[in-house]
Amino acid sequence: MHHRGISIFTHRILTNYNSVRTATTFCYYSSHSNPLTPKPNGSRLFSFTPRHHHRAPPDPDDPSHLMKEDGVSVCSQMWIENFREPDKVVTNLSSYLRRFELWVLAYQKVCADEMGAYMPRSSIQRSALEDLLALRNAVLDSRFKWGARLDFFIKSPKDKTDYGSLSKRKIRGILTTTQPPAFQDRIVQEVLLMVLEPVYEARFSQKSFAFRPGRNAHTVLRVVRRSFAGYLWYIKGDLSTILDGMKVGMVINALMRDVRDKKVIDLVKSALVTPVITSKVDDGEKKKRVKRKHQKKRVLAEDEPKPDPYWLETFFGFAPEEAEKHPSWGHCGILSPLLANVCLDELDRWMEGKIKEFFFPSKSDVIWNSPEGESERGNTSWPEFVPTSGPDKTRKMDYVRYGGHILIGVRGPRADAATLRKQLIEFCDQKYMLKLDNESLPIEHITKGIMFLDHVLCRRVVYPTLRYTATGGKIISEKGVGTLLSVTASLKQCIKQFRKLNFLKGDRDPDPQPCFRMFHATQAHSNAQMNKFLSTMVEWYRYADNRKKIVNFCSYIIRGSLAKLYAAKYKLRSRAKVYKIGSRNLSRPLKEKKGQSPEYHNLLRMGLVESIDGLHFTRMSLVPETDYSPFPNNWRPDHEKALLEYIRLEDPKSLEEQRSCIREQGLVSPQDYISMLVWNYKRNAIMLDQLSLFKSDGINAVKDQQLLLGSNQEVHDNETKEMEGNEGIHVAQM
């Protein structure tokens, strides 16, 4: 019957050709609208789609045609332009706001934060690009409003809410309670950051280190160790109340010193002026928490990022006081730290002027005895050695700022430090309307120890033997006196942080407490989490003089905390019993399952049990030494060095100087000079690749950058060897 039905259907098609042709034509047009739509009789008509041998014309409404370049290359060009002319007032930022490539790059960055994974440009749907284009046009036409909660131009890929079908109660809750920043707001913030950051990074003072790429707390500690040796008096100030917010007029005036683009200024101003809705919690209406006997583990959604692991949360608790406060102004979001640095840059410039005014060289001093003394500091064989100060010594001071905290070092009489403090109080009052007093800016002597970024700056007096050759060739040895600046991790502060995290109790004789948050984790997982935490602590105290001592103390607290946890979990009564079974580093299993052999190594070899890593740094000899690598005086981050080198090589003047120098010495022929130009061009391309990769840091390419920098160095070395191998050619280093 089945074959008979097919033959009858075929016969009808052949005999009724005209009717079939009409049906296929109708079905062809209907298939373009929706080929899977069922017909009224419940069946689908027989249809076919004729093949076209030519390509379909491109859709002029497709937003992907607006992307002429890669977004990272556009950002790189902005950085190059601003670092080439850092003092130029910028007036053409609106042209960059129109670049659709930047909006797509911002969308990728925000999606990476939202989804926990990077989204390639090829996987962005056309509907998302169209919404993104609508958002860009709304920003350019001044139709965009910050803090929208129901009306969006573009929504997060995770947001599946149908806002048109919400009840009045849910709408009222959305409009009156605290909500996270809207997805579209974060995209606009990213675009503004990409546009404004290169403008101000080229202008910011080298004395500020917080909220800037390539600079961190370690950079401050290395600068202090390098530049603050020999200073007797220190002024430590806390201006972090500025990070809570400033008047809109002050922020806009600071912004307009270098940016004169009305569209960008108005966009930032509206972000600062638009109120942020926050819900007030009434203590009387708090509901009592009901304890559940059997609480199920929360299962993450498919696209939901994992929460921070335990070791990372614990390390965040160790954030020093200077790094705890993060600015968040209005709807500016990630733009707030940049605006804070823009406002505080005036203070940095004012202090740089005071440093030049204060400098007074003395010919009787062995260091800093000339205006050019900035390049030479201390004894060349012992860079940190600085002779003690006195009335006949050079007067000098230095300054660093990390966020809202400042540190000033003064070499001279205390009266000069008091005068500077008075001037600083007047400046902050006039410029920032910030009322400071002598107690908020204390003057402390180096012998008392200065706490900064959880490290104590103190002085060690040394009496080295100085040997020099006198007149007539006679070698004279005499004892000198000087000081060494010691940067030491604060053990007291470390105990305070551990106590805050409930890892110990007591001050004089700290007693570790069990970390019960890891109670339901396996021994292997608990050890692994604590090892990651200890490795991070080793890196944090990398530049501390007492690195071995402080890390060994942290290891003792963590090991004691885990031992107490295991004693309570496996009912072993004491830490001594835990160490006896699990060894000193807790690497042996503390509980054997029933029915298994007690030989742990045999089971591990067969893959029947999980490997348990012992705790690191259980002995002081295992802790690495302090990093005393030399720090250059005029240090710059790697991306800025690559930028400046690229600009220098691109400058035709430097190229002409190289050519004239080489031709005068007769080292190269015209043909060889062409190969020199090719090599120079390749080096320029390498610099631009480094810069592009730096800007793609927001999409998780830090490791790739390190690999690329290494490979670029190999390419550079190989090309140099090839050029030096040619006959009669000696290439000078660029």
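This text goes with the structure placed above it.
Rules used in this analysis
- Residues numbered from 1 in each chain as written.
- Predicted model: local features only at pLDDT ≥ 70, side-chain atom pairs only at ≥ 80, totals over all residues.
- Heavy atoms only, no water.
- Helix = DSSP H or I, 4+ residues; strand = E, 2+ residues; numbered from the N terminus.
- Buried < 20%, exposed > 50% of the residue type's maximum accessible area, 1.4 Å probe, protein only.
- Contact = heavy atoms within 4.5 Å.
- Areas by Shrake-Rupley, 256 points an atom, 1.4 Å probe, with all protein chains shown as cover.
- Pairing = 2+ DSSP bridges.
- Axes fitted to C-alpha atoms, helices over the stretch in contact; angles between N-to-C directions.
- Patch = residues over 30% accessible without salt bridge, like charges linked within 9 Å, V, L, I, M, F, W, Y side chains within 5 Å.
- Salt bridge = Lys/Arg side-chain N within 4 Å of Asp/Glu carboxyl O.
- Core = buried A, V, L, I, M, F, W, Y, C linked by side-chain atoms within 4.5 Å.
- Phe/Tyr/Trp six-rings, centres within 6.5 Å; stacked < 30°, edge-to-face > 60°.
- Lys, Arg positive; Asp, Glu negative; His and termini not counted.
- Charge placed at Lys NZ, Arg CZ, Asp CG, Glu CD.
- Expected span 1.5 Å × (residues − 1).

**Student:** What should I look at first to understand the overall build of the protein in this one?
**Tutor:** Looking only at helices and strands, the protein has 24 helices and twelve strands in total. In the protein, which comprises 734 residues, the proportion classed as buried is 44%. Counted over contacts in the protein with a minimum sequence separation of 6, partners at least 24 positions apart contribute 73%. Of the roughly 42,800 Å² of accessible surface on the protein, 53% is carried by carbon and sulfur atoms.

**Student:** When you look at the sheet that holds strand β1 (residues 233-238) in this model, what are you seeing that I'm missing?
**Tutor:** By definition, the strands of a sheet pair up through backbone hydrogen bonds, in either a parallel or an antiparallel sense. The strand order β3-β4-β1-β5 describes an open sheet built from four strands, whose pairing is antiparallel. Since the sheet does not close on itself, it has two edges, and those belong to β3 (396-402) and β5 (443-445), each with one partner. The sheet shows a mean angle of 20° between the axes of neighbouring strands, taken without regard to direction. As defined by bridge partners, β1 adjoins strand β4 (residues 405-411) across six bridges and the pair is classed as antiparallel. Its bridge partner lying in β4, Ile 235 is registered against Ile 408. Of the strands in this sheet, β3 and β4 are in contact with helix α14 (residues 336-358), which crosses β3 at around 170°. Docked against the sheet, helix α15 (residues 414-432) engages β1, β3, β4 and β5, running at close to 20° with respect to β1.

**Student:** Is there a simple way to think about the pairing of strand β9 (residues 475-479) in this case?
**Tutor:** When a strand is regular, its side chains alternate between the sheet's two faces. As judged from the five bridges shared by strand β8 (residues 465-469) and β9, these two strands associate in the antiparallel manner. Residue pairing in the sheet places Arg 467 in a bridge with Ser 477 of β9. Hairpin connection, β8 to β9: the antiparallel pair is bridged by five residues, and Gly 472 has positive phi, about 90°.

**Student:** What exactly am I supposed to notice about a nonpolar patch on the surface here?
**Tutor:** A cluster of nonpolar side chains, Val 461, Tyr 463 and Val 481, forms an exposed patch at the surface whose accessible area comes to about 280 Å². By secondary structure assignment, the location of Val 481 is in the loop between β9 and β10 (482-489).

**Student:** Is there a simple way to explain the pattern of salt bridges in this structure?
**Tutor:** A side chain with one charge can pair with a side chain of the opposite charge if their charged atoms come near. Enumeration according to the criterion identifies 34 salt bridges in this entry. Put simply, Glu 85 and Lys 88 hold a salt bridge, and the shortest N to O gap is 3.7 Å. Judged by relative accessible area, which is 41%, Glu 85 ranks as partly exposed. In this structure, Arg 215 engages Glu 640 in a salt bridge whose closest nitrogen and oxygen atoms are separated by 3.2 Å.

**Student:** What is the right way to look at the nonpolar core in this model?
**Tutor:** The tendency in soluble globular proteins is for nonpolar side chains to be buried side by side. Of all hydrophobic cores here, the largest spans 155 residues; its most connected members are Tyr 107, Ile 187, Leu 347, Ile 408 and Phe 498. Leaving out residues up to four positions away in the same chain, Ile 187 has contacts with Trp 103, Ala 106, Tyr 107, Val 110, Leu 132, Leu 135 and Ile 154. Ranked by size, the runner-up nonpolar core spans seven residues in total, among them Ile 80, Ala 202, Leu 643 and Ile 647.

**Student:** It is not clear to me how the side chain of Asn 531 should be interpreted in this structure. Could you clarify?
**Tutor:** Looking at the secondary structure, you find Asn 531 in helix α17 (residues 523-540). If near-sequence neighbours (up to four positions away) are discounted, Asn 531 is found in contact with Asp 613, Gly 614, Leu 615 and His 616.

**Student:** Can you help me understand the packing of aromatic side chains in this one?
**Tutor:** Within a pair of aromatic rings, the relevant descriptors are the distance that separates the centres and the angle that separates the planes. Enumeration over the complete set of coordinates arrives at 16 aromatic pairs. On the basis of an interplanar angle of 20° and a centroid distance of 6.1 Å, the ring pair of Phe 228 and Tyr 234 is categorised as stacked. Ring plane angle 40° and centroid distance 6.1 Å describe the contact between Tyr 566 and Tyr 570, whose orientation is recorded as tilted. Both residues of the pair, Tyr 566 and Tyr 570, belong to the buried class.

**Student:** Just checking my understanding: could you explain a positive patch on the surface for this structure?
**Tutor:** Together, Lys 168, Arg 169, Lys 170 and Arg 172 line one region of the surface with positive charge. Topologically, Arg 172 is positioned in helix α7 (residues 168-176).

**Student:** What should I look at first to understand α15 in this one?
**Tutor:** Helical geometry: 3.6 residues make up each α-helical turn, so side chains three or four residues apart lie on a common side. If you check α15, its first and last C-alpha atoms are 26 Å apart, about what 19 residues at 1.5 Å a residue would give, namely 27 Å. Just downstream of α15, Met 433 is the residue with a positive phi angle, here 55°.

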